[in-house]
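Okay, here's what each chain looks like letter by letter:
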Amino acid sequence: MSETLRLDKWLWYARFFKTRSLCSERVQMGGFRVNKTPVSKPSTTVRVGDVLTFALNNHVRVIKVVALAERRGPAPEAQALYEDLDPPTPRVARSPANPRFEDAGRPTKKDARALRDLKRSALE
């Protein structure tokens, strides 16, 4: 096994992205740093001990390369390739994606009729 590996391959092997082409696109867009140096080429090589910094899912990831892989393996094998240097983020309670009708789920037919009548009276 070689001592270096392309950045896009390593990101794919470590399962940060679903496809290698997606890895390449994201690296070309910018926002990646290898040992504090900005990179925009997927062919940038990484070694064991390098620190990668990049944004993923509205969160900045700081990753230390612990090992290089020869293939894309299962998730436990992929997690052994890196050490996450991020501080743990507190879970923030998010509001639901769809607002609920008075905390009772969907409105009933009766509620829908009342709302429709209320709109009609406001227009008249």
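Structure: above.
Here's what I pulled together on the structure shown here. (Residues numbered from 1 in each chain as written. Predicted model: local features only at pLDDT ≥ 70, side-chain atom pairs only at ≥ 80, totals over all residues. Heavy atoms only, no water.)

**Considerations on the side chain of R61**
Put simply, the test is: In DSSP terms, a helix is any run of H or I states spanning at least four residues, a strand is any run of E spanning at least two, and both are numbered starting from the N terminus. Contacts are residue-level and defined by heavy atoms, with any inter-residue pair within 4.5 Å sufficient.
Tracing the sequence through the fold places R61 in strand β6 (residues 60-65). In contact with R61, not counting residues within four places along its chain, are F16, L52, T53, F54, L56, D84 and D86.

**Examining helix α2 (residues 20-29)**
The line we're drawing: Exposure classes here rest on a 1.4 Å probe applied to the protein chains alone. A residue is buried below 20% of its type maximum, exposed above 50%, and partly exposed in between. Of all possible arcs, the one meant is that of the directions from the helix axis to the C-beta atoms.
Considered for burial, the residues of α2 that qualify are C23, S24 and V27. With its buried residues spanning 95° around the axis, α2 presents them on a single face. Here the buried face of α2 lies against α1 (7-13), β2 (32-34) and β3 (37-39). Once α2 finishes, G30 follows within two positions and takes phi at roughly 100°, a positive value.

**Side note on the packing of aromatic side chains**
Selection rule: Aromatic pairs are defined between Phe, Tyr and Trp rings, using the six-membered ring for Trp, whenever the two ring centres lie within 6.5 Å; interplanar angles under 30 degrees are classed as stacked, those over 60 as edge-to-face, and all others as tilted.
Going through the model one piece at a time under the given rule, you end up with 6 aromatic pairs. Residues F16 and F54 carry aromatic rings whose centres are separated by 5.4 Å and whose planes lie at 85° to one another, so their mutual orientation is edge-to-face. With F16 in the loop between α1 and α2 and F54 in strand β5 (residues 51-55), the pair connects residues that are 38 residues apart, well separated along the chain. Accessibility assignment for this pair places F16 and F54 in one class, buried. Following the ring pairs from residue to residue traces out a cluster consisting of W10, F16, F32, F54 and Y82.

**Let's talk about the pattern of salt bridges**
Heads up, the condition is: Salt bridges are defined by distance alone: a side-chain nitrogen of Lys or Arg within 4 Å of a carboxyl oxygen of Asp or Glu.
This model, assessed by the stated rule, comprises 6 salt bridges. For the salt bridge of R61 with D84, the shortest nitrogen-to-oxygen distance reads 3.2 Å. Pair noted here: R61 is in strand β6 and D84 is in strand β7 (residues 82-84), with a separation of 23 residues, a long-range link. A residue is classified by how much of its surface remains accessible, and R61, at 16% relative accessible area, is buried. A residue is classified by how much of its surface remains accessible, and D84, at 39% relative accessible area, is partly exposed. Notably, a salt bridge pairs R61 with D86, separated by 3.4 Å at the nearest N-O pair. Separated by 25 residues along the polypeptide, R61 in strand β6 and D86 in the loop between β7 and α4 (109-123) bring together distant segments of the chain. The same class applies to R61 as to D86, namely buried. Three or more residues are tied together by salt bridges with common partners; here these are R6, D8 and R20.

**Remarks on the sheet that holds β7**
Sheet strands pair via backbone hydrogen bonds, and the direction of the pair is either parallel or antiparallel. The condition that has to hold: One requirement defines pairing of two strands: DSSP has to find at least two bridges between them. Convention adopted: a line fitted to C-alpha atoms gives each axis, helices being fitted over their contacting stretch, and angles between N-to-C directions are expressed from 0 to 180 degrees.
Spatially, β3-β2-β5-β6-β7 is the arrangement adopted by the 5 strands of the open sheet, whose pairing is antiparallel. Looking at which strands have only one partner, the edges of the open sheet turn out to be β3 and β7. Sheet twist, expressed as the average angle between the axes of neighbouring strands with direction ignored, equals 30°. Both β5 and β6 contribute to a ladder of 5 bridges, which runs antiparallel. Residue pairing across strands places F54 opposite R61, the latter belonging to β6.

Remember that the coordinates give geometry; whether it matters functionally is a separate question.
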